[in-house]
Amino acid sequence: MPGIKYVVDAGTARISRYSAQTKVQRLPIEPISQASANQRAGRCGRTSDGICIRLYAEDDFDARPEFTDPEITRTNLASVILQMAAIGLGEIERFPFVQAPDSRNIADGIALLHELAAIKPDTKRRVSLTEVGRKLAALPIDPRLARMIVEAQKRSCLREVLVIAAAMSIQDPRERPVEAEESAKAKHARFRDKKSDFMSYLNLWRYLREQQKELSSNQFRRLCKSEYINYLRVREWQDLVSQLKQVCATVGIHLPSTDGDEEQVHRALLSGLLSHVGMQDAANKREYVGARNARFAIFPGSSVFKSSPSWIMAGELVDTSRLWARDVARIEPEWAEELAGHLVKRAYSEPHWERKRASVVAYEKVTLYGVPIVARRKVNYGRIDPELSRELFIRQALVEGDWDTRHSFFHHNAAKINEVADLEDKSRRRDILVDDETLFDFYDSKIPADVISGRHFDAWWKKVRTDSPQLLEATTDDLIRSGADAPSATDFPDVWTDGRRPLELSYTFDPAAIARTASDDPDGISIDIPVVALHEAYASEFEWLVPGRREELIIAMIRTLPKPVRRLVVPAPDRARQVLPRLSPGNEPLQPALARELRALTGAAIDESDFNPTKLPDHLRMTFRIVDESGRTLAQGKDLDKLKDQLAPKQRQEIASQSQDIERTGITAWDFGDLPATYDIRSGGVTTTGFPTLVTEGTTLALRVVTSAAQQREDLRTSVRWLLLRELPSIASRVLRTLNSTERIALTQTSHPSASALYDDCAAAAIDLIVAKSGPLPMTRQGYEKLREVAQGAIVATMSRTMRELATTLTARAEALLLLDEIRHESFADVRADIASQLDFLFGPSFVTRHGVGRLRDLGRYAKAVAVRLDRIKAHRDTDRRGMLVIHDVLQEYAELVAEFPSDEPLPPALTDIRWMIEELRVGTFAQSVPTAYTVSVKRIHKAMDDL
């Protein structure tokens, strides 16, 4: 170039070097050699003398190498090795190069050819080409690009890949001048593809071809210039595509008749870029992990830069300020696995039996140059390790029973194992059933070595079972350890039979159990009670447990005794063995019988209350499991009475569902015939007795089946009263005419909210009295009609008597209330509260019906006793307080006794009588001047309680 007189030499240049470590072509900035520096200086002295200004010291120049390293020593040698192998020049290590390349570069070149499937992997010294390799050698381009072209032929996308490969071989025809960079970007944006820079090349190619067809040569040149596209590079691109087509044809690679699919294009490109695959870094979304743990980023000028896909391939990895990926496209990792079958490494972990597949599976990890293209894939492990797969099949499918199969031997053996396991639960020890190794040996000795899965087993068993159907069936003797002592069915029955109904028993040995849910089997003995029969079960029936557990039960009961008493009957095991033959299990309660026999044996003063059953271990307390008709557990626990209260609504519902043929609703008259005394309810194979009766439901009656005769009588009495009150004519005016003015005034002092409420209460009580005097409650229509005739004739007289006696009682109550109102001092607050509570019990809502006409005179006497107590309270305050404490203690004991009875059933008459005994005790304690109905004391009340 004439006219250049001065040259400024910075002393550095970007020199292309192949990195044996990262396997990429780098462009580092390096000091130039002396030869390059002299070449630069020569540019200012071509036509005359010039001046070269070097920006580095002369000593630096003298220390530099004389010549730049030959390119063969600093580039990838794959193409050289490929051509040498094609023309048969022998081993590259022995070729007489002027300056031999580094052995590492030779090894990397061979590795790249192996990556491209161009050489046979089993050759060590002599490079032997594959069919693909011979095709690559015939194409005069980089081996990576050639590999793409060969793969494109298979995928019918050769036309597109030729264009892209040619574009990658030349300098980018798109220009970005500094003075018009933004304008150039805007022009080139039309060709960008957000998923692939390679498709951007293809978009540009198609655009240029269309414009070239429509425009003249000069117009096309001007178009290229206006759109910042280098015309000469476009021509070079087009010429290279044309030349590649011709060369391809010579090696049998021809263009397809149709356009290629975009995915197939990228798969073909990937075949030459397998070591340029990158996986997005989880910690830094802008960074990618590539082959051999290389870390790179997408070049900012790429159309894919902003989207940062999870997996990419790069047409080029260039190391400048950092390692950049240029010409990038999004890919799917499974594409790489298909193309790199000869390169990937497979690792397997966690081999395990899978019930659904009926085979052994493991998790496969597939890596390509260290990049996990498949992180965790479930695969069949049988083809990988048949021996281990067979062992796992036998252990888990056959020994542990983790297999869904219909083979009869499998279910036969499972049933036998459960039988022996039940024996262990019953005996509460784990030394009866053989161990897993014994079962494994049983199957291992009979099943051939090639059976490694359920499918293999089915095929083998189909042939064998015809001749030996019992080959794999284990007997009970096979499953019981030699010398093991199995419990007997007499000591540990499977069914509880008490003469009324059979109930299923189950045994569980799980002493480590702490937290339980409703579906878990608790430790110890469980008994299944149908919910419809729940009312017939009582906890005392089951406290003796089963024969095989009674000695342990007696020992544990002795250990619950207080220490001073327990010392008199130790050692507990010896005493248990002595006392057990003297007991009659099931015929009497456990605690009284045990206390009696221990007293007889030892002379120790042991009372039944000294035992504390709540301290017994869980397995020595029966678990009650309440089930529905289908056997599903509704609730379970140790407290049967609590379960009864909890499931009372469910029991009513279940009984109703089993009694639909007899139950009715909407009854307003006795028009349903006769009531049977009992009704058999069948549910879950158990028959229990129900009791049909009438119950009030809103404004009508209903025919229902209840669970006890007492409840039947109580509900029927209430319902008969309801019917009679509904059907008998009104007699209010006739009754009122029988009362004098004093009685009428007394009746106004009632606790009833209104006069009509008073009348209704008295009418109901009068009907109850008539019904009670008429004999048993009617169970037939004829009996009811007869009772109605009797009631119609007696109702007026009975009502008159009731209201007259009530007037007398209310007069006594009024006197007591007046005296109670006089003691307002706070020192009498406890007395006021006690008396208010007593009067509330005596004269609470509907008290006439609730207590009955026969109690009205007693109520008046109790009210008179309250008045006497109040009259003398100030003079005998201390005596009254002591008496009140005694009464409160008795009332507390009575409340505890009531709590032991079912809350949904009427209390027994004997228990109600005890409550009236307490009222008589009040009279005798606070008002001795008022006579009691009979002799009463705290001791007598306690005895009555004990009798219950």
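Definitions and cut-offs
Note on numbering: residues in each chain are counted from 1, in written sequence order. Under the rules for a predicted model, residues below a pLDDT of 70 receive no local features and side-chain atom pairs below 80 are neither given nor counted, while totals for whole chains, interfaces and linings still include all residues. For side-chain calculations, the full set of non-hydrogen atoms in the structure is used, while hydrogens and water are omitted. Starting at the N terminus, helices and strands are each numbered in turn, a helix being any DSSP run of H or I of at least four residues and a strand any DSSP run of E of at least two. The reference for a compact globule is 2.2 Å times residues^0.38; the radius of gyration itself is calculated from the C-alpha atoms. The cut-offs for exposure are 20% and 50% of the maximum accessible area for each residue type, with area from a 1.4 Å probe on protein chains only; residues under the lower value are buried, those over the upper are exposed, and the others partly exposed. Every residue pair with non-hydrogen atoms within 4.5 Å of one another is taken to be in contact. Shrake-Rupley sampling with a 1.4 Å probe provides the accessible areas, and residues are treated as covered by the protein chains on show and by no other component. In what follows, salt bridge is the name for a side-chain nitrogen of Lys or Arg lying within 4 Å of a carboxyl oxygen of Asp or Glu. Like charges are joined within 9 Å and nonpolar side chains (Val, Leu, Ile, Met, Phe, Trp, Tyr) within 5 Å, but only among residues with over 30% relative accessible area and no salt bridge; these make up the patches. When charges are tallied, Lys and Arg are placed among the positive residues and Asp and Glu among the negative ones, while His and the ends of the chain are skipped. Every charge is mapped to an atom, namely NZ of Lys, CZ of Arg, CG of Asp or CD of Glu. What makes two strands pair is DSSP finding at least two bridges between them. Pairing of N or O atoms within 3.5 Å defines a polar contact, subject to two protein rules: one partner must be a possible hydrogen donor and the other a possible acceptor, and residues neighboring in sequence count only if both atoms are side-chain atoms. Axis definition: a line fitted to C-alpha atoms, over the contacting stretch in the case of helices. Angles run 0 to 180 degrees between N-to-C directions. Each Phe, Tyr or Trp ring (for Trp, its six-membered ring) is paired with any other whose centre lies within 6.5 Å, and the angle between the two planes then decides the class: stacked below 30 degrees, edge-to-face above 60, tilted in between. Charge over a ring is defined by NZ of Lys or CZ of Arg lying within 6 Å of the ring centre and within 35 degrees of the ring normal. Note: the arc covers the axis-to-C-beta directions of the helix.

Labelled according to an unreviewed UniProt entry, the protein chain appears under the name ATP-dependent helicase HrpA, originating from Antricoccus suffuscus.

Peer 1: Lay out the overall build of the protein chain with the relevant residues and their values.
Peer 2: In terms of helices and strands, the protein chain carries 34 helices and 23 strands. Computed over C-alpha atoms, the radius of gyration of the protein chain comes to 52 Å, more than 25% over the 30 Å expected from 2.2 N^0.38 for 948 residues, which places it beyond the range of a compact globule. In terms of overall dimensions, the protein chain has a C-alpha envelope of 155 × 75 × 65 Å along the principal axes. The proportion of buried residues among the 948 residues of the protein chain is 46%. Considering only contacts within the protein chain whose residues lie at least 6 apart along the sequence, 64% involve residues at least 24 apart. On the protein chain, roughly 48500 Å² of surface is accessible, and the fraction owed to carbon and sulfur atoms is 50%.

Peer 1: Give me the lowdown on the pattern of salt bridges, citing residues and values where you can.
Peer 2: With the rule as written, the count across this model stands at 67 salt bridges. With a shortest N-O distance of 3.1 Å, Glu 350 and Arg 376 are connected by a salt bridge. With Glu 350 in strand β12 (residues 345-354) and Arg 376 in strand β14 (residues 371-380), the pair connects residues that are 26 residues apart, well separated along the chain. Owing to a relative accessible area of 45%, Glu 350 belongs among the partly exposed residues under this scheme. Glu 597 is the salt-bridge partner of Arg 582, the closest N and O atoms lying 2.8 Å from each other. In this pair, Arg 582 is assigned in the loop between α21 (572-579) and α22 (590-602) and Glu 597 in helix α22, connecting sequence segments 15 residues apart. The exposure class assigned to Glu 597 is buried, which follows from its relative accessible area of 9%.

Peer 1: Mind laying out a negative patch on the surface, listing which residues take part and the relevant values?
Peer 2: Judged by side-chain charge, Asp 639, Asp 641, Asp 645, Asp 889, Glu 893, Glu 896 and Glu 900 come together as a negatively charged surface patch. Within the residue set of the negative patch, elements represented by two or more residues are α23 (640-658) and α32 (877-899). If one sorts the elements of the negative patch by residue count, α32 sits on top with 3 residues. You can see Asp 645 is positioned in helix α23. Using a relative accessible area of 43% as the deciding quantity, one classes Asp 645 as partly exposed.

Peer 1: Outline the pairing of strand β7 (residues 277-280), listing residues and values.
Peer 2: In the case of a regular strand, side chains alternate between the two sheet surfaces. The sheet contact formed by β7 and strand β10 (residues 311-319) spans 3 bridges and is antiparallel. Bridge pairing links Gly 278 to Ile 312 in β10. Bridge count between β7 and strand β8 (residues 287-289): 2 bridges; the pairing is antiparallel. Along β8, the bridge assignment pairs Met 279 with Val 289. Between the antiparallel neighbours β7 and β8 lie 6 residues.

Peer 1: Describe the side chain of Ser 659, with residues and values.
Peer 2: Here Ser 659 is to be found in the loop between α23 and β20 (664-667). A polar atom in the side chain of Ser 659 sits 2.7 Å from the backbone oxygen of Ile 655. Leave out the neighbours within four places in its chain, and Ser 659 touches Tyr 679, Ile 681 and Val 705.

Peer 1: So what's going on with the sheet that holds strand β13 (residues 359-368)? Which residues, and what values?
Peer 2: Taken in spatial order, the 3 strands line up as β12-β13-β14 in an open sheet, and their pairing is antiparallel. Each end of this open sheet is capped by a strand with a single partner; those strands are β12 and β14. Across the sheet, the mean angle from the axis of one strand to that of its neighbour is 15°, orientation sign disregarded. Two strands pair when backbone bridges link them, and β13 and β14 are joined in this way by 7 bridges, in the antiparallel orientation. Residue pairing in the sheet places Glu 364 in a bridge with Arg 377 of β14. Taken strand by strand, helix α14 (residues 386-399) contacts β12 and β13, and its axis lies near 25° from that of β12.

Peer 1: Please set out the environment of His 407 residue by residue, giving values where relevant.
Peer 2: Within the element layout of this structure, His 407 appears in the loop between α14 and α15 (408-427). The contact partners of His 407, leaving out residues within four places of it in the chain, are Phe 457, Asp 458, Trp 461 and Arg 465.

Peer 1: Give me the lowdown on the sheet that holds strand β21 (residues 679-683), citing residues and values where you can.
Peer 2: Strand order in the open sheet formed by 4 strands is β20-β23-β22-β21, with antiparallel pairing between adjacent strands. Each end of this open sheet is capped by a strand with a single partner; those strands are β20 and β21. Averaged over all adjacent pairs, the angle separating strand axes in this sheet is 35°, with direction ignored. Where strand β22 (residues 686-697) lies against strand β23 (residues 700-706), 7 bridges are found, and the strand directions are antiparallel. Bridge pairing links Phe 691 to Val 706 in β23.

Peer 1: Quick one: what's the story with the packing of aromatic side chains, residue by residue and with numbers?
Peer 2: What the rule picks out here adds up to 26 aromatic pairs. Each ring, one from Phe 191 and one from Tyr 207, has its centre 5.2 Å from the other, and the planes form 45°; the classification is tilted. Pair noted here: Phe 191 is in the loop between α8 (181-188) and α9 (197-214) and Tyr 207 is in helix α9, with a separation of 16 residues, a long-range link. Neither residue differs from the other here; Phe 191 and Tyr 207 are each classed as buried. By way of ring pairs, the aromatic residues Trp 353, Phe 393, Trp 403, Phe 409, Phe 410, Phe 457, Trp 460 and Trp 461 are connected into one cluster. Taking the ring centre of Tyr 207 as reference, the NZ or CZ of Arg 190 above it sits at 4.9 Å. The aromatic ring of Phe 841 is capped on one face by Arg 915, whose charged end is 3.8 Å from the ring centroid.

Peer 1: How would you summarise unusual backbone geometry if you had to cite specific residues and measurements?
Peer 2: Here Val 570 and Pro 571 are connected by a cis peptide whose omega angle stands at 0°. The residue Pro 571 is located in the loop between α20 (563-566) and α21 in this model. One non-glycine residue, Ala 358, adopts positive backbone phi at about 55°. In this fold, Ala 358 is placed in the loop between β12 and β13.

Peer 1: Which residues make up helix α17 (residues 454-464), and what values go with them?
Peer 2: Within α17 the residues assigned to the buried category are Gly 454, Phe 457, Trp 460 and Trp 461. Around the axis of α17, the buried residues are gathered within 125° of arc, so they sit on the same side. Of the exposed residues in α17, the ones pointing more than 90 degrees away from its buried face are Arg 455, Lys 462 and Lys 463. If you follow the buried residues of α17, they end up packed against β12, α14 and α15.

Peer 1: Before we move on, can you summarise a nonpolar patch on the surface with the specific residues and values?
Peer 2: Residues Tyr 6, Val 8, Ile 51, Ile 53 and Leu 55 make up a contiguous nonpolar surface patch of roughly 530 Å² in combined accessible area. Mapped by element, the contributors of at least two residues to the nonpolar patch are β1 (6-9) and β6 (51-54). Locating Ile 51 in the fold gives a position in strand β6. When its relative accessible area of 44% is taken as the criterion, Ile 51 is described as partly exposed.

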